[in-house]
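# An overview of the molecular structure
Chain by chain, the residues:
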Amino acid sequence: MAALWRGCGRLLARRPGAAQALTAGALMGAGDVIAQQLVEQRGLHGHQCPRTLKMMGIGFCFVGPVVGSWYRILDWLIPGNTKVVAVKKVILDQGGFAPCFLGCFLAVTGATNGLSLQENWAKIQQDYMDALVTNYCIWPPVQIANFYFVPLQHRLAVVQCVAIVWNCYLSWKANRM
């Protein structure tokens, strides 16, 4: 286990974008498995493996790169790690980035599920506000701690660990037809 941890640390140091994309993909997949098995209670025979693979792909190709880049931009816009800086980052993150990202996430998920533009728009209108309110219940305290205590290169991993529960919710919400 220690060797795996050291290998992850080396990958994160050498290729932070790749490490963050891999982490996001794996944890998005874990969130979908939890959603299907614990929330939806599908059982092993009812598990939709293509759905899990799609959620992993969204994590690899969308969530990891976008959120990882956002944290670098946010650190550039508001440098430092004082309490005041952490609050400013949370305000910008939750007031600007989160609403846009959530809408894009729902759109990307709808597209990968094969929804037409009209169906996707209707699904976004149905799910967006509920998902945004749930976002505001979970993320502000997590992000305050994340921006204040966690170094930049580890922020996405911290968020993705907390996000296993969030990803479970998003997977259930985005895949509910």
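Remember, it's a predicted structure, so these values are computed and weren't measured experimentally.

## Let's talk about the overall build of the protein chain
Assigned secondary structure in the protein chain consists of 7 helices and 0 strands. Considering the protein chain as a whole, with its 177 residues, one finds that 41% of them fall into the buried category. A fraction of 71% describes how many contacts in the protein chain between residues 6 or more apart in sequence connect residues 24 or more apart. With the model as given, the accessible surface of the protein chain reaches about 9500 Å², and the carbon-plus-sulfur share is 72%.

## Description of the nonpolar core
With 33 residues, the main nonpolar core has Val63, Val67, Tyr71, Phe101, Leu102, Phe105 and Trp166 as its most contacted residues. Elements represented by at least two residues in this core include exactly helix H2 (16-39), helix H4 (49-77), helix H5 (83-112), helix H6 (117-149) and helix H7 (152-175). Filtering out sequence-adjacent residues up to four positions away, Val63 remains in contact with Ala24, Met28, Ile58, Gly68, Phe101, Phe105 and Gln160.

## Observations concerning H6
An ideal rise of 1.5 Å per residue puts 48 Å on 33 residues; H6 reaches only 41 Å between its terminal C-alpha atoms. At Trp139, H6 shows its largest kink, close to 40 degrees, and the proline Pro140 lies no more than four residues downstream.

## What to know about the packing of aromatic side chains
Aromatic ring pairs: the centre-centre distance and the angle between the two ring planes describe each pair. As enumerated under the stated definition, the model contains 7 aromatic pairs in all. Geometrically, the ring pair formed by Phe97 and Phe101 is stacked, given 5.4 Å between the ring centres and 20 degrees between the ring planes. Here Phe97 pairs with Phe101, and both are found in helix H5, just 4 residues apart, close to one helical turn. Phe101 carries the same exposure label as Phe97, and that label is buried. Between the aromatic rings of Tyr148 and Phe149, the centroid separation amounts to 4.7 Å while the plane-to-plane angle is 75 degrees, which identifies the pairing as edge-to-face. Aromatic rings pair up to connect Phe62, Trp70, Phe97 and Phe101 into one cluster.

## Looking at the side chain of Asp127
Tracing the sequence through the fold places Asp127 in helix H6. Ignoring anything within four residues of it in the chain, the contact list for Asp127 reads Leu106, Lys173 and Arg176.

## Quick word on the confidence of the model for the protein chain
Per-chain confidence: the protein chain averages 88 in pLDDT, with 94% of residues scoring 70 or above. Taken element by element, the protein chain is modelled with least confidence in helix H1 (residues 2-14), mean pLDDT 68, and with most confidence in H5, mean pLDDT 95.

## So, unusual backbone geometry
For Gln41, which is not a glycine, the phi torsion comes out positive at approximately 50 degrees. Turning to its location among the elements, Gln41 is positioned in the loop between H2 and helix H3 (43-46).

## Here we look at H4
For H4, spanning 29 residues, the distance from its first C-alpha to its last is 40 Å, which sits close to the expected 42 Å at 1.5 Å a residue. Of all the bends in H4, the largest measures some 40 degrees and sits at Gly59.

## Observations regarding the packing of H4 against H7
Packing of H4 against H7 leaves a shortest axis separation of 10 Å and a crossing angle of 140 degrees. It follows from the interaxial angle that H4 and H7 lie oblique. Here H4 and H7 pass one another in a crossing that is right-handed. Taken together, the residues of H7 that come into contact with H4 (itself represented by Arg51, Met55, Val63, Gly64, Val67, Gly68, Tyr71, Arg72 and Asp75) are Leu152, Arg155, Leu156, Val159, Gln160, Ser171, Trp172 and Asn175. For the contact of H4 with H7, the class distribution of residues is 8 nonpolar, 5 polar and 4 charged.

Cut-offs used in this document
Residues numbered from 1 in each chain as written. Predicted model: local features only at pLDDT ≥ 70, side-chain atom pairs only at ≥ 80, totals over all residues. Heavy atoms only, no water. Helix = DSSP H or I, 4+ residues; strand = E, 2+ residues; numbered from the N terminus. Buried < 20%, exposed > 50% of the residue type's maximum accessible area, 1.4 Å probe, protein only. Contact = heavy atoms within 4.5 Å. Areas by Shrake-Rupley, 256 points an atom, 1.4 Å probe, with all protein chains shown as cover. Core = buried A, V, L, I, M, F, W, Y, C linked by side-chain atoms within 4.5 Å. Expected span 1.5 Å × (residues − 1). Bend = angle between axes of the 7 residues up to and from the residue. Phe/Tyr/Trp six-rings, centres within 6.5 Å; stacked < 30°, edge-to-face > 60°. pLDDT = per-residue confidence, 0-100. Axes fitted to C-alpha atoms, helices over the stretch in contact; angles between N-to-C directions. Parallel < 35°, antiparallel > 145°, perpendicular 65-115°, else oblique. Left-handed = near helix turned anticlockwise from the far one by under 90°. Nonpolar A, V, L, I, M, F, W, Y, C, P; charged D, E, K, R; others polar.

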